[in-house]
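# Breakdown of the fold
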Amino acid sequence: MSSNEIKLAADSRTEFGKGASRRLRREGKVPAVIYGHGTDPVHIALPGHESLLALRAANALLSITIDGGKAQLALPKQVQRDPLKGFLEHIDLLIVKKGEKVTVEVPIVILGEVKEGIVTMDQQTITLEAEATNIPAQIEIEVSALEVGQQITAGDLNLPEGAVFPGEPEDLILSVAAPISEEALEASLDAGEAQAEEAADEAAEDEAA
């Protein structure tokens, strides 16, 4: 899967500060700034609902028009959300050009289930260099044929055309470990409880000293 351009119409803004941002959000808009390629940062207001939908996809490629002007391609560089309610508070957008290579974090998605064992993820995302207009939405790994002890490294991944992993091919992505028996699980839990009790006793002794 590759990124498709998502069109958003923005308004330029001249009022700044927390008060102005709150007013924008009350109007259903999101304060943002767009910059890159030697241009001065431009402060804009984006439509809130459309932006929220657009940013559901990782590395969404946005086609931004400001005050009805010429469209510019941009990638979300930093997205600030309300920690409790999840609404968008502010977006930093980086201008990109067609054919330009960018470095992005792409989610790794597991397909299928192993017949035996437990899949241990060493990385949830992978850093890729890809064309700005052809960023994969996710990297999929099929695990149903894997057996206990097998590993998937960066070199094993099926990357889309034009995407390059800048790290080492041996970098571990995931592995399949042997299943934990009930006895081993209980022993592990008992050991954890014993350590917690020992730590609590030591803390009590320190306070009494």
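The structure reproduced in this document is the subject of the present report. Computed from a predicted model, the values in this text were never measured in an experiment.

Conventions used here
- Along each chain, residue indices are assigned from 1 in the same order as the chain's sequence is written.
- Predicted model: local features are reported for residues with pLDDT of at least 70 only, side-chain atom pairs are reported and counted for 80 or more only, and whole-chain, interface and lining totals are derived from all residues.
- Values shown for side chains rest on all heavy atoms present in the structure; no hydrogens or waters enter the calculation.
- Numbering of helices and strands starts at the N terminus; helices are DSSP runs of H or I of at least 4 residues and strands are runs of E of at least 2.
- Atoms counted for the radius of gyration: C-alpha only. Globule rule: 2.2 Å times the number of residues to the power 0.38.
- In this description, accessible areas are obtained by the Shrake-Rupley approach with a 1.4 Å probe, and a residue is regarded as covered only by the protein chains that are shown.
- As used throughout, the charge tally considers Lys and Arg to be positive and Asp and Glu to be negative, leaving His and the chain termini uncounted.
- Where a charge lies is defined by one atom per residue type, namely NZ (Lys), CZ (Arg), CG (Asp) and CD (Glu).
- Only protein chains enter the accessibility calculation, which uses a 1.4 Å probe; a residue whose area is less than 20% of its type maximum is buried, one above 50% is exposed, and one in between is partly exposed.
- Pairs of strands are assigned from DSSP output, requiring at least two bridges between the strands.
- Definition used in this section: a nonpolar core is a set of buried Ala, Val, Leu, Ile, Met, Phe, Trp, Tyr and Cys residues joined via side-chain atoms within 4.5 Å.
- The contact criterion used is simple: two residues touch if any of their non-hydrogen atoms lie within 4.5 Å.
- Within 3.5 Å is the distance limit for a polar contact, defined as a pair of N or O atoms, with the added protein rule that one can donate a hydrogen and the other accept it, and that residues adjacent in sequence qualify only through two side-chain atoms.
- A side-chain nitrogen of Lys or Arg and a carboxyl oxygen of Asp or Glu constitute a salt bridge if their distance falls within 4 Å.

### Observations concerning the overall build of the protein
- Along the protein, the regular secondary structure elements total three helices and twelve strands.
- Here the C-alpha atoms of the protein give a radius of gyration of 24 Å, more than 25% beyond the 17 Å that 2.2 N^0.38 yields for 209 residues.
- Seen along its three principal axes, the alpha-carbon backbone of the protein occupies a region of about 65 × 55 × 30 Å.
- Here the protein has roughly 13000 Å² of accessible surface; of this, 49% comes from carbon and sulfur atoms.
- Each charge sign in the protein was given a centre, from 17 positive and 37 negative side chains, and these centres are 23 Å apart.

### Overview of the pairing of strand E2 (residues 29-36)
- Summarising burial for E2: six of the eight residues are buried, a large majority.
- Pairing analysis gives seven bridges linking E2 to strand E3 (residues 39-47), with the strands arranged antiparallel. Along E3, the bridge assignment pairs Gly36 with Thr39.
- Hairpin connection between E2 and E3: a loop of two residues separates the two successive antiparallel strands, and His37 in this loop has a positive phi of roughly 55°.

### Overview of the nonpolar core
- Counting 26 residues, the largest nonpolar core has Ile126, Ile141 and Ile173 as the members making the most contacts within it.
- At the level of secondary structure, the elements contributing two or more residues to this core comprise strand E5 (72-81), strand E7 (101-111), strand E9 (125-131), strand E10 (139-142) and strand E12 (172-177).
- Dropping the residues within four chain positions of it, Ile173 is found in contact with Ile108, Thr120, Met121, Asp122, Gln123, Ile126, Ile141, Ile152, Thr153, Ala154 and Leu157.
- Ranked by size, the runner-up nonpolar core spans 18 residues in total, among them Val30, Leu62, Ile66 and Ala74.

### Quick notes on the side chain of Arg13
- Looking at the secondary structure, you find Arg13 in the loop between strand E1 (6-12) and helix H1 (18-26).
- Engagement of the side chain of Arg13 in a polar contact is seen with the backbone oxygen of Ala32, the distance being 3.1 Å.
- Here Arg13 is in contact with Leu24, Pro31, Ala32, His43, Ile44, Ala45 and His90, once residues within four sequence places are set aside.

### Quick notes on the pattern of salt bridges
- Under the counting rule described, the total for this entry stands at two salt bridges.
- For Lys98, the salt bridge goes to Glu5, with nearest N and O atoms at 3.9 Å. In this pair, Lys98 is assigned in the loop between strand E6 (88-95) and E7 and Glu5 in the segment before E1, connecting sequence segments 93 residues apart.
- Judged by relative accessible area, Lys98 falls into the exposed class, the value being 63%.

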